[in-house]
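# Geometric and topological summary
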Amino acid sequence: MLKGLAITPPVLGRISIGKVIEKNGKRLPEKDDQFTITSQVQGKDGWLLHPLNDELRQGKDDKLRSIPVRLLFNEPELNFRADYTLFDRQSGRPICVGNGESCRRVTQDGLQSLPCPSPDACPLAKGGACKPYGRLNVLIGDDDPLGSFVFRTTGFNSIRTLAARLHYFQAISGNRLACLPLELRLRGKSTRQSHGTPIFYADLTVRSGMDMAEALVTASELDSRRLAAGFDQAALDEAARRGFGNGAFEDSEEDASAIVEEFYPEGEAPAAVISSHPSPSKSSLAEKLDAQAARQTPPTDRDQGGRHAPAQAESQ
């Protein structure tokens, strides 16, 4: 394994809420109220749609608001990673990644491990440069048992909801998270902070047409079949854990080009690399997300690509 290269689940495509359009000569995120599944191939008009995008829309009145999925791993943190992340707004590459206690930062002296005070108290984070950034990998269909689709989000509601659901499903299934038939679902709500404008966020539920008992029976049966076939889920989780831990940052060059379009529309200034050493903080990432969510009142949610959904900067 190449040292410094994070080995992440193979990505077959992306799941987004919205798309990037060209307007007045600039490429800008466009809001939407449904999922879009794109491939890894980029054309002159942006990322090409994945065949599953049209396939899953059949019978849904052309609105894709739920996607049947499975997960790759039993460990919630391997399926969904969330950090505070400061991106270079021109290249899309991460400059600093932290959890509210410590961070890995690209400085003038190279990559360093430093205290992380969270965006509220960090001089690098002024102007919303640093934000919570989550990545969820899911399986869609049965063609490739290890090939995933990635959903990226900077939305508070999506990050908190997905993290909670994964831990609850792991507990209730007896650590059979990778065997549960699940569904990635788009939900909407209005709050006082959104001034009546609906905000949309991602959630995980059991598959449509199933209740919890049926989903648990299905997970137990699949787990038994896998064990009988020699499928070693524990070894797969451990391999993924080593792969994520091998690299300083997770996103690849291809991911960076998508991030710079999704999170930073053309015309925004690049973030500067500063080798400052902020004072340490003892608050957890979840606590800081709650505190920041209570203070901010943006009208849209920056889930999966910044300003895609009609309320994606869900800071409630």
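The structure under discussion appears in the preceding block.
Bear in mind the structure is a predicted one, so any value in this text is a computation, not a measurement. (Residues numbered from 1 in each chain as written. Predicted model: local features only at pLDDT ≥ 70, side-chain atom pairs only at ≥ 80, totals over all residues. Heavy atoms only, no water.)

In this section: the pairing of strand S8 (residues 94-98). The buried count for S8 comes to 5 of 5 residues, which makes it a mostly enclosed element. Relative to S8, strand S7 (residues 80-87) is paired through 4 bridges, and the arrangement is antiparallel. By the bridge assignment, Phe-87 is partnered in S8 with Pro-94. Connecting S7 to the antiparallel partner S8 that follows it, the hairpin turn spans 6 residues, and Gly-92 within it adopts a positive phi of roughly 80 degrees. If you look at the hairpin formed by S8 and strand S9 (residues 102-107), you'll find 3 residues sitting between the two strands, and Gly-100 has a positive phi there, around 95 degrees. (Buried < 20%, exposed > 50% of the residue type's maximum accessible area, 1.4 Å probe, protein only. Helix = DSSP H or I, 4+ residues; strand = E, 2+ residues; numbered from the N terminus. Pairing = 2+ DSSP bridges.)

Further remarks concern the sheet that holds strand S13 (residues 182-189). Pairing in this open sheet of 3 strands is antiparallel, and the strands run S6-S13-S14 from one edge to the other. Edge positions in the open sheet fall to strand S6 (66-69) and strand S14 (199-206), since each of these has one partner strand only. This sheet shows a mean twist of 30 degrees between the axes of neighbouring strands, independent of strand direction. Where S13 lies against S14, 8 bridges are found, and the strand directions are antiparallel. Across the sheet, Leu-182 pairs through a bridge with Val-206, a residue of S14. (Axes fitted to C-alpha atoms, helices over the stretch in contact; angles between N-to-C directions.)

The next thing to look at is the sheet that holds strand S12 (residues 148-153). The 9 strands are arranged S5-S4-S1-S12-S11-S7-S8-S9-S10 in an open sheet whose pairing can be described as mixed. Edge positions in the sheet fall to strand S5 (46-49) and strand S10 (110-115), since each of these pairs with one other strand and no more. Put simply, the sheet's adjacent strands are angled 40 degrees from each other on average, direction ignored. Where strand S11 (residues 130-138) and S12 come together, 5 bridges link them in antiparallel fashion.

On inspection of all chains with the given rule, the structure shows 9 salt bridges. We note a salt bridge from Arg-65 to Asp-33, for which the minimum N-O separation is 2.7 Å. A residue pair is termed long-range when its members are at least 10 positions apart, and Arg-65 in the loop between helix H1 (51-57) and S6 and Asp-33 in the loop between strand S3 (26-30) and strand S4 (36-43) qualify at 32 residues. Since its relative accessible area comes to 35%, Arg-65 is described here as partly exposed. For the salt bridge of Arg-187 with Asp-203, the shortest nitrogen-to-oxygen distance reads 2.6 Å. Here the residue Arg-187 occupies a position in strand S13, and Asp-203 occupies one in strand S14, the gap between them amounting to 16 residues. For Arg-187, a relative accessible area of 28% corresponds to the partly exposed category. The exposure class assigned to Asp-203 is buried, which follows from its relative accessible area of 2%. Taken together, the salt bridges that share partners define one network made up of Asp-33, Lys-63 and Arg-65. (Salt bridge = Lys/Arg side-chain N within 4 Å of Asp/Glu carboxyl O.)

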